[in-house]
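Structural characterization, general
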Amino acid sequence: MSRIAATFEKLKSADKKALIPFITAGDPDPTMTTPIMGALVQVGADIIELGVPFSDPMADGPTIQRASERALVHGVGLGDVLEMVSAFRQSDNETPVVLMGYANPIEAMGYENFSNQAQAAGVDGVLVVDYPPEESGDLTRQLNAQGIDSIFLLAPTTQQARMDTVARFASGYVYYVALKGVTGASHLDMQEVAKKLPEVRTHVKLPIGVGFGIRDGDTARAVADVADAVVIGSRLVEEIENAQPESVIADVGVLIRGIRQAMDAA
Amino acid sequence: MQMYEALKAYKLPDEQGHFGSYGGVFVAETLVYALEELRESYENVRKDADFIAEFEYELKHYVGRPSPVYHAKRLSEQVGGAQIWLKREDLNHTGAHKINNTVGQALLARKMGKKRVIAETGAGQHGVASATVAARYDMECVVYMGSEDIKRQASNVYRMKLLGASVVPVESGSKTLKDALNEAMRDWVTNVESTFYIIGTVAGPHPYPMMVRDFNSVVGRELRIQMPDEVGRQPDAIIACVGGGSNAIGAFYSYIEDKNVRLIGVEAAGFGIESGKHAATLCAGNPGVLHGNRTYLMQNDDGQITETHSISAGLDYPGVGPEHAWLKDSGRAEYVAVDDHEALEAFHALTRTEGIMPALESSHAVAYAMKLAPQMSKDAVLLVNLSGRGDKDMHTVAQASGITL
């Protein structure tokens, strides 16, 4: 069983929901990524989404764009990100790691090469923002051959027929984008999410994570009530951006621990 | 009739928007529905006689089409060899070919019931053309423009504001065209129900490369009639500058199946290809995925998009339309590059011999015609698509000559 499936199974039997923090690899600098990942697991992260820096992150808001820019100042590329995952695996062989990013760095590395290296590094899932299922067949095959899950997005505008297409290609979990807009936007419409998820579940049998617009314990708790996983990205990246270098680990820990507690509260 | 049949044989893109391995729809899920809606609407108007009639009426009475072809006799004499002819897109309303496309897309937006249009712009020509049609059809217009470009193109920014558009400075990345495109995409994702995104070139996700090509293909259709009328036959070669490639594809499209006509795209070599500071994507880049399609890109080994340079802001883009990528690989079109210096020389040459001031973008095409003509006989005919006029470039040209206006 893959690490992702095992994680969801374990959580299910404990009657808990998955907490999935997102950070950009190499932000604020390359030496910090592995320690931050470790800290996230310590305070209750179940899966880590690791952003691969890209020069033109079209689907991201200003917060994650700036994180990408900070990482790119240090020249962090896909190869470096895979090394960071390897380093993380030295001390943690259980927590799934999902790479999230844009198509072109993977195109540049080549599908087969990337899939092999990702497997060797200990990557469990890959989410490519600008590969919708229709364009992702070749990569998905290569990834699956290496036992790596292909994670896909669903949006409020995704039509029912398309959910079936996504379900055909997806494994691990699917990621429901709770907002129309880019990452880091506000105004999460909980009613809309609560209404939409049962509809999604009739088409997609995988666990469903919800992200975009989750900023605190209350919104995380509300999402955890209806979804299988809560993804928190921009709010966490903001914390990293605003922290003093020496307190990044501590600040990140406080934020994620608080969200974990809110999610788990009876 | 034989030609008509031959033209019908060229059917790209396929249903998913692919030109061979290029093109496609590489966007986040949040945009997929909007693109499907756009594709359906466009497929409908493509077959709608009323829509086509209205588009043609607007092109004639508002844009001022057909644009003439002009024999640049003095330039041809000075250069020697082939006869150089110009397709005068510079005479269109707003001074460039860009208006052909914005009229088409604005009519489609109106048909789809969208009251707000957004656009990205580099030099400002597409922004002006979008603001123009927004005024004409009573739509709200927001133009995204890199803050670096805003500094370089102050008069076009003012033109857009006069036309009632708001111009939003983009501070991310390199603060130029590609970043403006990213930002416009973000706006579209957020306001997808009310908003129509008018992309200014033959790039972006399907159906944009096809749709923008179709709206600009009026150029080639006119040429097919005009050239036999003027010189008794089709030209030996058509030469057009290529940034994203919308004017070039507009001129090339009707000739793709006509193998007797060479199709030559001229990219911006900036400070020279070997300097690394250029925008000659097809000549020196390699394939990848950016802005919704697979095409040639300027990128580093990590797949990060690199910054480009050209004296002409309209060619200063790290990608290129996917149909051009296909035309290059298939060998049907040739792509060459002309540097800043050669483009400036061509600008001055055409200005002084013909009294026609070309846009710096179009000057690249003129420059290549001036290189090619002497290698050909006096009976040969080169057709340059003069995609825009150079008034907007006064400051850049003056600066290059060390003059402050």
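If you're wondering where the values come from, they're calculated on a predicted model, not measured in any experiment. (Residues numbered from 1 in each chain as written. Chains lettered and ligands numbered in written order. Predicted model: local features only at pLDDT ≥ 70, side-chain atom pairs only at ≥ 80, totals over all residues. Heavy atoms only, no water.)

This part is about the overall build of chain B. Counting its regular elements, chain B contains 17 helices and 14 strands. Taken over the C-alpha trace, chain B has a radius of gyration of 20 Å; the compact-globule value for 405 residues is 22 Å, and the two agree within 12%. With respect to the three principal axes, the spread of C-alpha positions in chain B is 55 × 55 × 45 Å. Of the contacts made within chain B by residues no fewer than 6 positions apart, 74% connect residues no fewer than 24 positions apart. In chain B, 40 positive and 51 negative side-chain charges are present, and the distance between their average locations comes to 3 Å. (Helix = DSSP H or I, 4+ residues; strand = E, 2+ residues; numbered from the N terminus. Rg over C-alpha atoms; globule rule 2.2 N^0.38 Å. Contact = heavy atoms within 4.5 Å. Lys, Arg positive; Asp, Glu negative; His and termini not counted. Charge placed at Lys NZ, Arg CZ, Asp CG, Glu CD.)

The next point concerns the overall build of chain A. From N to C terminus, chain A includes 12 helices and 9 strands. The C-alpha radius of gyration computed for chain A amounts to 17 Å, which stays within 12% of the reference 18 Å derived for 266 residues, consistent with globular compactness. Each principal axis of the C-alpha atoms in chain A carries an extent, and together these give about 45 × 40 × 35 Å. Accessible area for chain A stands at about 10000 Å²; split by element, carbon and sulfur atoms hold 49% of it. Computing the positive centroid from 21 side-chain charges and the negative centroid from 35, chain A places the two 7 Å apart. (Areas by Shrake-Rupley, 256 points an atom, 1.4 Å probe, with all protein chains shown as cover.)

Our focus in this paragraph is the confidence of the model for chain B. The predicted model of chain B averages 95 in pLDDT, with 98% of residues at 70 or higher. Contacts of residues 1-7 of chain B to residues separated by more than four positions or lying in other chains number 6 contacts, the stretch itself having pLDDT below 50. (pLDDT = per-residue confidence, 0-100.)

One broad rule of soluble globular proteins: the nonpolar side chains tend to lie buried together. Of all hydrophobic cores here, the largest spans 89 residues; its most connected members are B:L108, B:W188, B:F196, B:Y197, B:L223, B:I238 and B:F252. Looking at which domains feed residues into this core, each of domain 1 (27-60 + 99-212) and domain 2 (64-95 + 217-400) of chain B gives three or more. Among all residues touching B:I238, those that are not within four sequence positions of it are B:L223, B:A251, B:F252, B:Y255, B:V261, B:R262, B:L263, B:I264 and B:L383. Ranked by size, the runner-up nonpolar core spans 69 residues in total, among them A:A170, A:L197, A:I256 and B:V289. (Core = buried A, V, L, I, M, F, W, Y, C linked by side-chain atoms within 4.5 Å. Buried < 20%, exposed > 50% of the residue type's maximum accessible area, 1.4 Å probe, protein only. Domains from an automatic or database assignment.)

Residue and element names in this part refer to chain A. Taken N-terminus to C-terminus, the directions of helix α8 (residues 160-169) and helix α9 (residues 190-203) make an angle of 55°; their axes are 9 Å apart at the nearest point. With respect to their mutual orientation, α8 and α9 come out oblique. Considering only the axes of α8 and α9, their crossing is right-handed. Between α8 and α9, the residues in contact are Q160, M163, D164 and A167 and K196, E199, V200 and H203, respectively. Classifying every residue of the contact of α8 with α9 by side-chain character gives 3 nonpolar, 2 polar and 3 charged. (Axes fitted to C-alpha atoms, helices over the stretch in contact; angles between N-to-C directions. Parallel < 35°, antiparallel > 145°, perpendicular 65-115°, else oblique. Left-handed = near helix turned anticlockwise from the far one by under 90°. Nonpolar A, V, L, I, M, F, W, Y, C, P; charged D, E, K, R; others polar.)

What follows is about the pattern of salt bridges. Residues and elements named next belong to chain B. Evaluated as defined, the whole model comprises 43 salt bridges over all chains. In this structure, D90 and R88 form a salt bridge, with 2.8 Å as the shortest nitrogen-oxygen distance. Taken as a pair, D90 and R88 share a single burial class, namely buried. Of the charged contacts, one joins D187 and R116 as a salt bridge, the two residues approaching to 2.8 Å between their closest N and O atoms. A residue pair is termed long-range when its members are at least 10 positions apart, and D187 in helix α9 (residues 177-190) and R116 in strand β5 (residues 116-121) qualify at 71 residues. (Salt bridge = Lys/Arg side-chain N within 4 Å of Asp/Glu carboxyl O.)

Many analyses report the size of an interface as the accessible area lost when the parts associate. With 36 residues of chain B at the contact, the number on the chain A side is 38 residues. Contact between chain B and chain A buries roughly 2800 Å² in total, counting both sides, with carbon and sulfur atoms accounting for 50%. Sorting the residues of chain B by area buried against chain A places B:E29, B:R186 and B:Q304 first, and these three jointly supply 24% of that buried surface. Joining chain B to chain A, the criterion identifies 3 salt bridges. Ionic pairing is found between B:E29 and A:R162, a salt bridge with its closest N-O pair at 2.7 Å. If you tally residues by element for the side of chain B that touches chain A, the top one is α9(B), at 8 residues. For the side of chain B that touches chain A, the per-class residue count stands at 13 nonpolar, 13 polar and 10 charged. (Buried area = accessible area lost by both parts, 1.4 Å probe.)

For the structure shown, the criterion picks out 14 aromatic pairs over all chains. Judged by centre distance (6.1 Å) and plane angle (70°), the ring pair of B:Y10 and B:Y253 falls under edge-to-face. Taken together, the residues span a long stretch of sequence, with B:Y10 in the loop between α1 (2-9) and β1 (18-19) and B:Y253 in the loop between α12 (246-252) and β10 (262-270) at a distance of 243 residues. Centroid distance B:Y10 to B:W326: 5.8 Å. Interplanar angle 55°. Geometry classified as tilted. Of this pair, B:Y10 sits in the loop between α1 and β1 while B:W326 is found in helix α14 (residues 322-330), placing the two residues 316 residues apart along the sequence. These aromatic residues form a ring-pair network of at least three members: A:Y111, A:Y131 and B:F26. Stacked on the ring of B:Y70, the Lys or Arg B:R88 has its end atom at 5.9 Å from the ring centre. The ring of B:Y253 has B:R213 lying over it, and the distance from NZ or CZ to the ring centre is 4.1 Å. (Phe/Tyr/Trp six-rings, centres within 6.5 Å; stacked < 30°, edge-to-face > 60°. Lys NZ or Arg CZ within 6 Å of the ring centre and 35° of its normal.)

Let us now look at a nonpolar patch on the surface. Residues and elements named next belong to chain B. A cluster of nonpolar residues, M357, M394, I403 and L405, forms a patch on the protein surface that exposes about 370 Å² of accessible area. Its place among the elements puts M357 in the loop between α15 (340-354) and α16 (360-372). Residue classification places M357 among the partly exposed positions, given a relative accessible area of 33%. (Patch = residues over 30% accessible without salt bridge, like charges linked within 9 Å, V, L, I, M, F, W, Y side chains within 5 Å.)

Quick look at the domain arrangement of chain B now. All names here are of chain B. Per the domain assignment, the segments of chain B are domain 1 (27-60 + 99-212) and domain 2 (64-95 + 217-400). Relative placement of domain 1 and domain 2: their C-alpha centres are 23 Å apart. Facing the 28 residues of domain 1 at the interface are 28 residues of domain 2. Counting the surface lost from both domain 1 and domain 2, the interface buries some 2300 Å², and carbon and sulfur atoms represent 58% of this. Those elements that place two or more of their residues in the side of domain 1 that touches domain 2 are α3 (49-63), α5 (98-111), α6 (125-136), α8 (154-162), α9 and α10 (208-216). Here the element with the most residues in the side of domain 1 that touches domain 2 is α9; it accounts for 5 residues.

In sheet architecture, strand pairing relies on hydrogen bonds along the backbone and comes in two forms, parallel and antiparallel. Residue and element names in this part refer to chain A. Here we have 9 strands laid out as an open sheet, ordered β5-β4-β3-β2-β1-β9-β8-β7-β6, and parallel in their pairing. The open sheet is flanked by β5 (149-150) and β6 (152-154), the only strands paired with a single partner. Inspection of the sheet shows strand β1 (residues 18-24) paired to strand β9 (residues 229-232) by 4 bridges, in the parallel sense. The residue bridging L19 from the neighbouring strand is V230, located in β9. On the sheet, helix α4 (residues 78-91) packs against β2 (48-51) and β3 (97-101) and is oriented at approximately 165° with respect to β3. (Pairing = 2+ DSSP bridges.)

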